[in-house]
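Observations on the model geometry
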Amino acid sequence: MKQNTGTGMRLIKRGRSGALRVVFSRLGVISVLFLLQAAILILTIVRLEEYMHLYIGGTAVITAIVVLFVLNSNMDPSAKITWLVMIMLMPVMNALLFLYTRSELGNRALRRRAAKVFGETAKQLEQFGTGERDAINYNVPIADYLKNTCGFAAYNDSEVTYYSGGEEKYQALIEALESAEKFIFLEYFIIGEGEMWGGILDVLARKAKAGVEVRVMYDGTCQFTTLTADYAARMKKLGIECRAFSPLTPFVSTYYNYRDHRKIAVIDGKIAFTGGVNLSDEYINVGSRFGHWKDAAVRICGNAVNSFTLMFLQMWELEVPSSPEYEKYLATVDARYDGCGIVIPYGDSPLDTNKTGERVYMDMLNRARDYVYIMTPYLILDSTMETALRFAAERGVDVRIILPGIPDKKSAYALAKTHYQNLLASGVKIYEYSPGFVHSKVMLSDGSDAVVGTINLDYRSLYHHFECAAYMRGGKAVDKIREDFEKTFEKCRRVTSETVKKEKLAIKLYGFALKVIAPLM
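Because the structure is a prediction, the values reported are computed rather than measured.

Right, let's talk about the sheet that holds strand β5 (residues 213-219) for a bit. Strand order in the open sheet made by the seven strands is β3-β11-β9-β8-β4-β5-β6, with mixed pairing throughout. Unpaired on one side and paired on the other, β3 (159-163) and β6 (241-245) mark the two borders of the sheet. Across the sheet, the mean angle from the axis of one strand to that of its neighbour is 10°, orientation sign disregarded. Sheet analysis places strand β8 (residues 263-267) next to strand β9 (residues 271-275), joined by three bridges and oriented antiparallel. Note on β9: the bridge partner recorded for isoleucine 267 is isoleucine 271. The strands that helix α9 (residues 166-178) touches are β3, β4 (183-188), β8, β9 and β11 (297-301); relative to β9, the one it contacts most, it runs at about 155°.

What follows is the structure, encoded as structure tokens:
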């Protein structure tokens, strides 16, 4: 039922929350599965005590086979260690769980569909961008990688505006939505009813009624945390096409782990937004439980918007295949913007082997000469990324990482701290944002190159999520990003070896224990 309140439109009653969010959190799912396996194992042993010798022998054989399989797989080394430890603790059940997840039940069809859809969108992008030769002339080597492996074009004719908080992004988004004449595409990891989404939904409903095509996609986990299972149907009554990406159906498919973490808004093919800001109140500091919520986003105007249009259509087609009319939504913008620099919108997918998000970050770290500044809410690193951060610092690069001072997830907070000592020893400078929680996903290198997007420095973003970002070389936005870092450093407390030593023992032990399952977090 539609409700108009002082904070905008609502389609569901107030008061959804809490318990299901815990159950379907990463740690919650892992804990439930572990307890279930333990119960089944104990029951089996009690009932089949007389056959214990057969159980022990069978366990040894199964464990040996699966261990050999793990060691010879192409997984990240840290993930291999995690699986080996889990199999050691509960051999049969975790060996079967490993084989199940590696079976790609449901994944093969998804991968084939993704390869087809992503290939089609890459062909559409060939008509846009500066081209390979221009990218080289502009000395943006990563442009070649993004073009050759993923088909993402570089643009020198698009304006980028940087927002250092969710409040700024929200106001700019509302203005852009109000200007829509043809279509609105929204794809967000989290949508939660309240002041922010209520204001947006008001505009969407009016625009849909006026004949504007409106599509909304959110991640399927929202059905258990912030929305209802029938929310898409409720949106349809307003004339809005709506889909949940990969609604949760545990044990039916192994791609439960693949979530749509992207945040994309496209208006008429002329304006696009991306960054860390979801469509829920905490992102505009309304009712934030973790102090001041620090976030970041960018608005892009010009031909580079076409890349975000096609990224949205990729995910829309993955969920429900159809025959999309890509050309209908692509726009050619003749306007030129002063001081815009180069921008390369790009996406990352867990369905290929490119690891695009991680490789872009590593390229920035490896090419940096003076400094690399990073904002990230989470720091759960594999050995490759930790080595890249340490190596950059050891080369004399001023590497600084800003992390939350007030965490939203205690498990992620504890895991981040397990990296502190090694990073500090190599000369990496670590800061914690004293006023609250940092949700920005920003990297700045040498005052010339920057990335703003959805990609955290953790396993899930780098390996298991669909992600997106904008890579920038030069332009006014990069200058604004540098200013934001300088202002944010002033609000942070510096982490030192001494502060690490004084950390609470409970947090240290919690982090050490969780390290075993870090690749699953």
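From this point on, the discussion continues.
This paragraph deals with the packing of aromatic side chains. According to the stated counting rule, one finds 18 aromatic pairs in the structure shown. With a centroid separation of 5.2 Å and 55° between ring planes, the pair formed by phenylalanine 185 and tyrosine 329 is classed as tilted. In this pair, phenylalanine 185 is assigned in strand β4 and tyrosine 329 in helix α14 (residues 326-329), connecting sequence segments 144 residues apart. Judged on exposure class, the residue phenylalanine 185 and its partner tyrosine 329 are both buried. Positioned above the aromatic ring of phenylalanine 391 is the side chain of arginine 395, whose terminal nitrogen or guanidinium carbon lies 5.5 Å from the ring centre. Lying across the ring of phenylalanine 489, arginine 400 places its NZ or CZ 4.9 Å from the centre.

Using the criterion set out here, one finds 19 salt bridges in the structure. Between arginine 390 and glutamate 386 there is a salt bridge, with the nearest N and O atoms lying 3.8 Å from each other. Remark: glutamate 386 and arginine 390 occur in helix α16 (residues 383-394); sequence separation between them is four residues, near one turn of the helix. Of the residues examined, arginine 390 reaches a relative accessible area of 25% and is grouped as partly exposed.

About the cut-offs
- Residues numbered from 1 in each chain as written.
- Predicted model: local features only at pLDDT ≥ 70, side-chain atom pairs only at ≥ 80, totals over all residues.
- Heavy atoms only, no water.
- Pairing = 2+ DSSP bridges.
- Helix = DSSP H or I, 4+ residues; strand = E, 2+ residues; numbered from the N terminus.
- Axes fitted to C-alpha atoms, helices over the stretch in contact; angles between N-to-C directions.
- Contact = heavy atoms within 4.5 Å.
- Phe/Tyr/Trp six-rings, centres within 6.5 Å; stacked < 30°, edge-to-face > 60°.
- Buried < 20%, exposed > 50% of the residue type's maximum accessible area, 1.4 Å probe, protein only.
- Lys NZ or Arg CZ within 6 Å of the ring centre and 35° of its normal.
- Salt bridge = Lys/Arg side-chain N within 4 Å of Asp/Glu carboxyl O.

Geometry only, nothing functional implied.
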